[in-house]
Amino acid sequence: MTLRVTEGEQSGWVVVRVSGEMDLATSPMLRARVHNAVADGRRDLVLDLSEVQFCDSSGVGVLIATRRLIRSCQGNLRLILPAKGAEDGSHVNRVLAALGVRRLFEVYPDAEAAVDDGASPLSA
């Protein structure tokens, strides 16, 4: 399976929807999309990972590098993992938790919650 990355805007946030597999071969595509958004002056970013079926350490590396880049620009990064996935352990959620980095990210159940500054993130 390959990685598919699409981009849109919602309530002033860039929403990047990712589906497929985030691995050594495909993760550079996501990294490039993030860098392009930041180069265009966009600092508030939502990564919708609800359709990611597989994520290896290189995918996690892209997520951590994205967090670092957005923070260095005084921006905001939010991840979307569906509520059911966050509760019963979607693949990305399990990988982030297993590596001890899940707590580094603000996770929301859907795009509406992620772009709502009044919404609370899901607990780690």
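In what follows, the accompanying structure is described. (Residues numbered from 1 in each chain as written. Predicted model: local features only at pLDDT ≥ 70, side-chain atom pairs only at ≥ 80, totals over all residues. Heavy atoms only, no water.)

## Observations regarding the nonpolar core
For the record, the criterion: The term nonpolar core refers to a set of buried residues drawn from Ala, Val, Leu, Ile, Met, Phe, Trp, Tyr and Cys, joined through side-chain atoms within 4.5 Å. Partly exposed describes any residue whose relative accessible area lies between the buried limit of under 20% and the exposed limit of over 50%, with all areas from a 1.4 Å probe on protein chains only and scaled to the type maximum. In this description a helix means any DSSP run of H or I spanning at least four residues, a strand means any run of E spanning at least two, and both kinds are numbered starting from the N terminus. Contact definition: two residues touch when any of their heavy atoms are within 4.5 Å.
Counting 28 residues, the largest nonpolar core has Met22, Leu30, Leu47 and Leu49 as its most contacted members. Elements represented by at least two residues in this core include exactly strand E1 (3-10), strand E2 (13-22), helix H1 (27-39), strand E3 (44-55), helix H2 (57-72), strand E4 (76-80) and helix H4 (91-98). Among the elements that line this core, the one with the most residues is E3, at five residues. The contact partners of Leu47, leaving out residues within four places of it in the chain, are Val16, Leu30, Val34, Leu63, Thr66, Leu77, Arg78, Leu79 and Ile80. Core analysis: the second largest hydrophobic core is formed by nine residues, Tyr108, Ala111, Ala113 and Ala114 among them.

## A word on the pattern of salt bridges
How we decide: We define a salt bridge as a contact between a side-chain nitrogen of Lys or Arg and a carboxyl oxygen of Asp or Glu at a distance within 4 Å.
By the definition in use, this model includes four salt bridges. As a salt-bridge pair, Glu7 and Arg42 come within 3.4 Å of each other at their nearest N and O atoms. One end of the pair, Glu7, is in strand E1; the other, Arg42, is in the loop between H1 and E3, with 35 residues separating them in the sequence. The residue Glu9 makes a salt bridge to Arg42 at a minimum N-O spacing of 2.5 Å. Placement of the pair is Glu9 in strand E1 and Arg42 in the loop between H1 and E3, with a sequence separation of 33 residues. Several salt bridges converge on common partners, so that one network encompasses Glu7, Glu9 and Arg42.

## Considerations on the sheet that holds E3
Sheet strands pair via backbone hydrogen bonds, and the direction of the pair is either parallel or antiparallel. The following threshold applies: Pairing between strands requires that DSSP locate at least two bridges from one strand to the other. The axes used here are C-alpha line fits, helices contributing only the stretch in contact, and every angle between their N-to-C directions lies in the interval 0 to 180 degrees.
A sheet is described by the order of its strands in space; here five strands give the open sequence E1-E2-E3-E4-E5, paired in mixed fashion. Of all strands in the sheet, those bounded by a partner on one side alone are E1 and strand E5 (106-108). This sheet shows a mean twist of 25 degrees between the axes of neighbouring strands, independent of strand direction. Relative to E5, E4 is paired through three bridges, and the arrangement is parallel. Each residue of the ladder has a partner; that of Leu79, found in E5, is Val107. On the sheet, H1 packs against E1, E2 and E3 and is oriented at approximately 20 degrees with respect to E1. Running at roughly 175 degrees to E3, H2 makes contact with E2, E3 and E4 of the sheet.

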